[in-house]
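# A closer look at the structure
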Amino acid sequence: MSTLLNFSYFSYNTTMKPVKTIFTCSKCGSQYPKWAGRCSDCGAWGTISETMTETITMTENVKIDKNLLVDFNNFKADSSVVMSTNLTELDRVLGQGIVAGSLILLGGEPGIGKSTLVLQIANQINNVLYASGEESASQIKSRIERLKINKDNIKFLSENNVEKICAFIIELKPQLVIIDSIQTLYSTEAPSESGSVAQVRICTVRLLEVAKKHNVAIIIIGHITKDGQVAGPKSMEHLVDTVLYLESSNNGQYRILRSVKNRFGSTNEIGIFEMTADGLKEITNPSELFLPENQISIAGSALTCVMEGTRPFLIEIQSLVSKTLFGYPLRKAAGFDLNRLQMLIAVLTKRANLPLLNQDVHLNITGGLKVAESGIDLAACLSIISSLYNQPIPRDTLIIGEVGLGGEIRPVSQVDRRIKEAEKLNFKRIIAPQTKNLKSQLDLVMITDINQAIKLLFSQI
């Protein structure tokens, strides 16, 4: 008996690989060194089970094939096929269009227009496979007819199993595949339910393999959480090539398409659409959208220009300064960074000796736009001063510049593009920081500090 035990122990050490025991959550895939009744990551009860993993030691012989190595000096890359969507705003965000073999993740709130946007994209592609686990064929057809989409280009598949969807993709070989949505898919490899972290990760990997191997472009629609992020593991955003977010303005009048990741283009571009009965309509000139026509000059209003990637458009900043009724003055901002507003108020109080310590300051970017650019600092400061002293700023004056902590006016990027945009909209005067080789057909006033800007304001600019 003892001899048998010694023989078994010897054969284990010499022929078997070391085995490690871990405990894995079947819902989210989190791993633990010991069993627990409740997963600390996803909060599910009774989902942690024991699994065995084999570890490979460094002493084992691993065979390699040197032919797998790629020498870039002798490598000829195939030119990627780019499919235009004929939507200028979308193509700008994507780069040039949809690249064949790319995996695109489109996120947004329910009812924001994700399904509408992908159908308008499908209308411009010859061969499209639309796979949906949320809506039936009758629902998709009614939306297609309402949007006047060409039905001949689209094949619909009502399926939730990702393996079956991949099989259809390989068989049909479409140019574009639309998945609506990733949270409804499931794989037979994971025992968890659809929408779990493990299922979302596995389904994304399966779609990525098919997209790259068969050179098929795939658009995945994803729901977002309360925090505004795509529901599922963060690794899903690392797997895909492009991550797009479709957002709504504060007043709900238009939609903004942003790119937070793009392997084929810039992430600084945005696309602006308006939701209509016929679908999403492009806003080719956003300056007309954010600037009302025939608006009179009022105190606290200033016009400036922001850059979204390579695209300039004009916006209006409004401020309201009123006497503080309580001991602590209020500072509120809509569409503007509140911390930056407090910093600008401190600069005005310290460097320009303005009495703002007993004044409530409310600042708003009209049109519901959110701006996180320092190039509108000077316009925000002048709008506050204009409201404080009830001194209107002429509507034909554009204000550009960044304000430093010392009260100095710093240059901004792409100021020439901003000035050209002002010239198109018939502005007469531009207030800008001191910049070399800056020319304009308009009356260009260059300043170096905030006190010069205040003097211009009180001299009616």
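To start, this report covers the structure provided alongside it. (Residues numbered from 1 in each chain as written. Predicted model: local features only at pLDDT ≥ 70, side-chain atom pairs only at ≥ 80, totals over all residues. Heavy atoms only, no water.)

### Some thoughts on the pairing of strand β7 (residues 128–132)
In terms of burial, β7 is largely enclosed, as five of its five residues are buried. The alternating pattern of β7 places V128, Y130 and S132 and L129 and A131 on opposite faces, both of which are buried. On the question of chirality, the crossover connecting β7 to the parallel strand β8 (residues 154–157) by way of helix α4 (residues 137–147) is right-handed. Judged from the five bridges that link them, β7 and strand β9 (residues 176–180) form a sheet pairing that is parallel. Looking at β9, one finds that Y130 is bridged to I178. (Buried < 20%, exposed > 50% of the residue type's maximum accessible area, 1.4 Å probe, protein only. Helix = DSSP H or I, 4+ residues; strand = E, 2+ residues; numbered from the N terminus. Right-handed = clockwise from strand over helix to strand, strands pointing away. Pairing = 2+ DSSP bridges.)

### Observations concerning a nonpolar patch on the surface
The grouping of V70, F72 and F75 at the surface amounts to a nonpolar patch, some 360 Å² of accessible area in total. Mapped onto the secondary structure, F75 falls in the loop between β3 (48–54) and β4 (82–83). (Patch = residues over 30% accessible without salt bridge, like charges linked within 9 Å, V, L, I, M, F, W, Y side chains within 5 Å. Areas by Shrake-Rupley, 256 points an atom, 1.4 Å probe, with all protein chains shown as cover. Salt bridge = Lys/Arg side-chain N within 4 Å of Asp/Glu carboxyl O.)

### A few points about the nonpolar core
In terms of nonpolar packing, the biggest core is built from 46 residues, with I365, L369, L378 and I384 touching the most fellow members. For this core, the element with the highest residue contribution is helix α10 (residues 377–388), accounting for seven residues. Apart from residues no more than four positions distant in its own chain, I384 is found in contact with S319, V321, L341, I345, L348, L356, V361 and L363. Counting 32 residues, the second largest nonpolar core, distinct from the first, contains L90, V93, I125 and L147. (Core = buried A, V, L, I, M, F, W, Y, C linked by side-chain atoms within 4.5 Å. Contact = heavy atoms within 4.5 Å.)

### Brief notes about the environment of Q391
Assignment of secondary structure puts Q391 in the loop between α10 and β19 (397–399). Distance from Q391 to F458, taken between C-alpha atoms, is 7.3 Å for residues 67 residues apart in sequence.

### Quick word on the pattern of salt bridges
Enumeration according to the criterion identifies 14 salt bridges in this entry. K212 is the partner of D241 in a salt bridge, and the nearest nitrogen-oxygen pair spans 2.7 Å. Taken together, the positions of D241 in the loop between α7 (235–239) and β11 (242–248) and K212 in helix α6 (residues 197–214) put the pair 29 residues apart, joining distant regions of the chain. Its relative accessible area of 2% is what places D241 among the buried residues. Several salt bridges share partner residues, and in doing so they unite E89, R92 and R311 into one network.

### Thoughts on the sheet that holds β9
Ordered in space as β8-β7-β9-β10-β6-β11-β12-β13-β14, the nine strands form an open sheet in which the pairing is mixed. Among the strands making up the open sheet, the edge pair consists of β8 and β14 (279–282). This sheet shows a mean twist of 25° between the axes of neighbouring strands, independent of strand direction. Note: β9 against strand β10 (residues 217–223), five bridges, orientation parallel. From the neighbouring strand, L176 faces β10, where its bridge partner is A217. Running at roughly 170° to β7, helix α5 (residues 162–172) makes contact with β7, β8, β9 and β10 of the sheet. (Axes fitted to C-alpha atoms, helices over the stretch in contact; angles between N-to-C directions.)

### So, α5
Turning to α5, its buried residues number three or more, namely V162, I165, C166 and I169. Along the long axis of α5, the arc covered by the buried residues comes to 100°, so they all point the same way. For α5, the secondary structure elements touched by its buried residues are β7, β8, β9, α6 and β10. One side-chain oxygen of the residue at the start of α5 lies 3.1 Å from the amide nitrogen of E163, identifying that residue as N161. Phi turns positive, to about 55°, at K173, one or two residues after α5. (Arc of directions from axis to C-beta. Polar contact = N/O pair within 3.5 Å; in protein donor to acceptor, adjacent residues only side chain to side chain.)

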